[in-house]
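# Notes for the structure review
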Amino acid sequence: MRGRATLERRDTPLAEAEAQRDAARAALAEYTTRTFSATQPPIGRAARWLLAPFRRPARQFRGFMVGDIQKKIDHAQSTLETLRSLGEMLSAFRSDANRHTVDLATRIDAVETRVEELSLRVRTPIEVDNSTVAVRTADGFVLVPRSDTTLLLMLCDAGPQGLEPGTRRLLTRLLVSGMMFVDVGAHIGLLTLAGARAVGPQGRVVALEPTPITFDLLNRALAINGLTDRVEAQRLACGARAERRAFHVGTILGHSSLLGPAPGISERSARRIEVDVVRLDDVVPTGTRVDVVKIDVEGAELDVLAGMTRILGENPDLAMIAEFGPSHLRRARITPDAWFEAFLMHGLEAYAIDELSGKCDLVRQQDLTAVESVNILFCRTNSRAAARAKS
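None of the values given here were measured: they were computed from a predicted structure.

### Description of the overall build of the chain
Tallying secondary structure elements over the chain gives 12 helices and 14 strands in all. Total accessible area on the chain is roughly 21600 Å²; 55% of this is exposed by carbon and sulfur atoms.

Set out below in structure tokens:
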């Protein structure tokens, strides 16, 4: 704006000089036409003879007058071109400076994020009581039983993003303030906390966890992190129908399941308890908008799917995240093809989640023959969930 005003002020003398030049030329032309008109040949010849001595001085005088104006015009034009060139250089400099500023800000953000992650990594677990320690994550403190050494070591080694950093990144893209998230198989609450942070005070989270010890740790973590106002935790398992069933609690708590001890775990080391199983359709009231459902139930995913058909029908933009684990499916006597088909028949597409980046790629069962475990995002084509997942 300031550069344009300067150019406009410079243009004014130039216009005045050009007007003076044009007026002088017009006056001379009019005088010549009037004086030496062809309609009066004798007078014209006499006039030319009489004025001959004055022609050279007249030409010099005209050159002096018009030439001075022309010099002013040329100088003004040169000045204008210089100003325009300087304006272009200034615009290029500003553009380059803005680009470097954005690049520098991006690098600073990346460094700050990395410093924050490193600061969280070096924090040692905090003893809460004789049987429990607390570990700091990006979403708050989670509580871990001392008896589950494997879980504690994995958390300390994983860093602040938790055990499934890619899934966490995806979850925070799918959820925004005011949404509803259902965490089936919430465990100690790693993704429950991430979901609760994402939906904010106006949102709602329902966390279902059947194992007594992890359910207790989940509730304590919610209280410590001040999230009890938006998270409803229930000690329940989800299935195709409401019933009471045997549940096998492993020494590695994340391997606990309705299906029996995980491979490599004997019946003696797995503790057997009874739990209440409910349909997810009975947990979430009719007409409630559900945005994301995460299912981590060690091979019982299709039972959970069978118990939430109403939710699927009422929520066309629903996103579901489920673990595909062939070893779990073998225990449940379900083929990988049948597992995928059960989701696809609801009009859902499958996307494999990269646990390093959170990127989602369309996937078919044939692409996962050599995979031991991967989280899969299921959502409908062209849904808002699909758009958020790809953003």
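So much for the structure itself; the text now carries on.
### As for the pairing of strand β1 (residues 126-129)
Within a regular beta strand, the side chains point alternately toward one face of the sheet and then the other, so they alternate between its two faces. Here β1 pairs with strand β2 (residues 132-137) via 3 bridges, running antiparallel. In the sheet register, I126 faces β2, and the bridge partner there is A134. The antiparallel hairpin formed by β1 and β2 contains 2 residues in its connecting segment.

### What about the pattern of salt bridges?
Under the counting rule described, the total for this entry stands at 16 salt bridges. The residue R204 makes a salt bridge to E232 at a minimum N-O spacing of 2.8 Å. With R204 in strand β5 (residues 204-208) and E232 in strand β6 (residues 231-234), this pair connects stretches of sequence that are 28 residues apart. On the accessibility criterion, R204 (32% relative accessible area) is partly exposed. Residue classification places E232 among the partly exposed positions, given a relative accessible area of 34%. Between D276 and R244 there is a salt bridge, with its nearest N and O atoms 2.9 Å apart. With a gap of 32 residues between them, D276 in strand β9 (residues 271-278) and R244 in strand β8 (residues 243-249) connect regions that are remote in the sequence. With relative accessibility at 37%, the residue D276 sits in the partly exposed group.

### Some remarks on the confidence of the model for the chain
When the pLDDT values of the chain are averaged, the result is 84; 76% of them are 70 or greater. Across residues 1-10 the pLDDT falls below 50, and counting only partners more than four positions away or on other chains, this stretch makes 6 contacts in the model.

### Describing the pairing of β2
For β2, the buried fraction is high: 5 of the 6 residues fall into the buried class. In terms of strand pairing, β2 meets strand β3 (residues 140-145) through 6 bridges, oriented antiparallel. Its bridge partner being in β3, T132 is matched across the sheet by P145. Between the antiparallel neighbours β2 and β3 lie 2 residues.

### Remarks on unusual backbone geometry
A positive phi angle is found at E298, which is not glycine, with a value near 55 degrees. Judged by relative accessible area, E298 falls into the buried class, the value being 6%. Despite not being glycine, R333 shows a phi value in the positive range, around 60 degrees. As for its position among the elements, R333 is in the loop between α10 (326-332) and α11 (336-344). The exposure class of R333 is exposed, given its relative accessible area of 78%.

### Re the side chain of Q365
In this fold, Q365 is placed in the loop between β13 (360-362) and β14 (374-380). Among the residues examined, Q365 registers a relative accessible area of 15% and is labelled buried. Contacts of Q365, omitting those with residues within four sequence positions, involve P336, D337 and F340.

### Section: the side chain of H187
Within the element layout of this structure, H187 appears in the loop between β4 (180-184) and α5 (190-199). Residue H187 is classed as buried on the basis of its relative accessible area of 16%.

### What about the sheet that holds β3?
Here 3 strands make up an open sheet; going across it, the order is β1-β2-β3 and the pairing antiparallel. The outermost strands of the open sheet, each flanked by one partner alone, are β1 and β3. Neighbour to neighbour, the strand axes of the sheet diverge by 35 degrees on average, direction disregarded. Along the sheet, α5 contacts β2 and β3; its crossing angle with β3, the most-contacted strand, is approximately 165 degrees. Helix-sheet contacts for helix α6 (residues 212-224) involve β1, β2 and β3, and the interaxial angle to β3 is about 155 degrees.

### A few points about the nonpolar core
Across soluble globular proteins, you tend to see nonpolar side chains buried next to one another. V144, L170, L171, L174, L175, I188 and L377 are the most contacted members of the largest nonpolar core, which has 44 residues in total. A per-element tally of this core places α5 first, with 7 residues. Residue contacts for V144: discarding those within four places in its chain leaves S131, T132, V133, V135, L151, L152, L155, I188 and L217. Formed by 39 residues, the second largest nonpolar core is a distinct cluster that contains V184, V293, L318 and L348.

### Overview of the packing of aromatic side chains
Evaluation of the coordinates by the stated rule reveals 7 aromatic pairs. Arranged with centres 4.9 Å apart and planes meeting at 55 degrees, the rings of W339 and F343 form a pair that is tilted. One end of the pair, W339, and the other, F343, are both in helix α11, 4 residues apart, so they sit about a helical turn from each other. As far as the burial class goes, W339 and F343 line up, both buried. Note on F343 and F378: the rings are 4.1 Å apart at their centroids and 5 degrees apart in plane angle, and the pair reads as stacked. Within this pair, whereas F343 is found in helix α11, its partner F378 is found in strand β14, the two being separated by 35 residues in sequence. The two residues F343 and F378 agree in class, both being buried.

Quick notes on the rules
- Residues numbered from 1 in each chain as written.
- Predicted model: local features only at pLDDT ≥ 70, side-chain atom pairs only at ≥ 80, totals over all residues.
- Heavy atoms only, no water.
- Helix = DSSP H or I, 4+ residues; strand = E, 2+ residues; numbered from the N terminus.
- Areas by Shrake-Rupley, 256 points an atom, 1.4 Å probe, with all protein chains shown as cover.
- Pairing = 2+ DSSP bridges.
- Salt bridge = Lys/Arg side-chain N within 4 Å of Asp/Glu carboxyl O.
- Buried < 20%, exposed > 50% of the residue type's maximum accessible area, 1.4 Å probe, protein only.
- pLDDT = per-residue confidence, 0-100.
- Contact = heavy atoms within 4.5 Å.
- Axes fitted to C-alpha atoms, helices over the stretch in contact; angles between N-to-C directions.
- Core = buried A, V, L, I, M, F, W, Y, C linked by side-chain atoms within 4.5 Å.
- Phe/Tyr/Trp six-rings, centres within 6.5 Å; stacked < 30°, edge-to-face > 60°.

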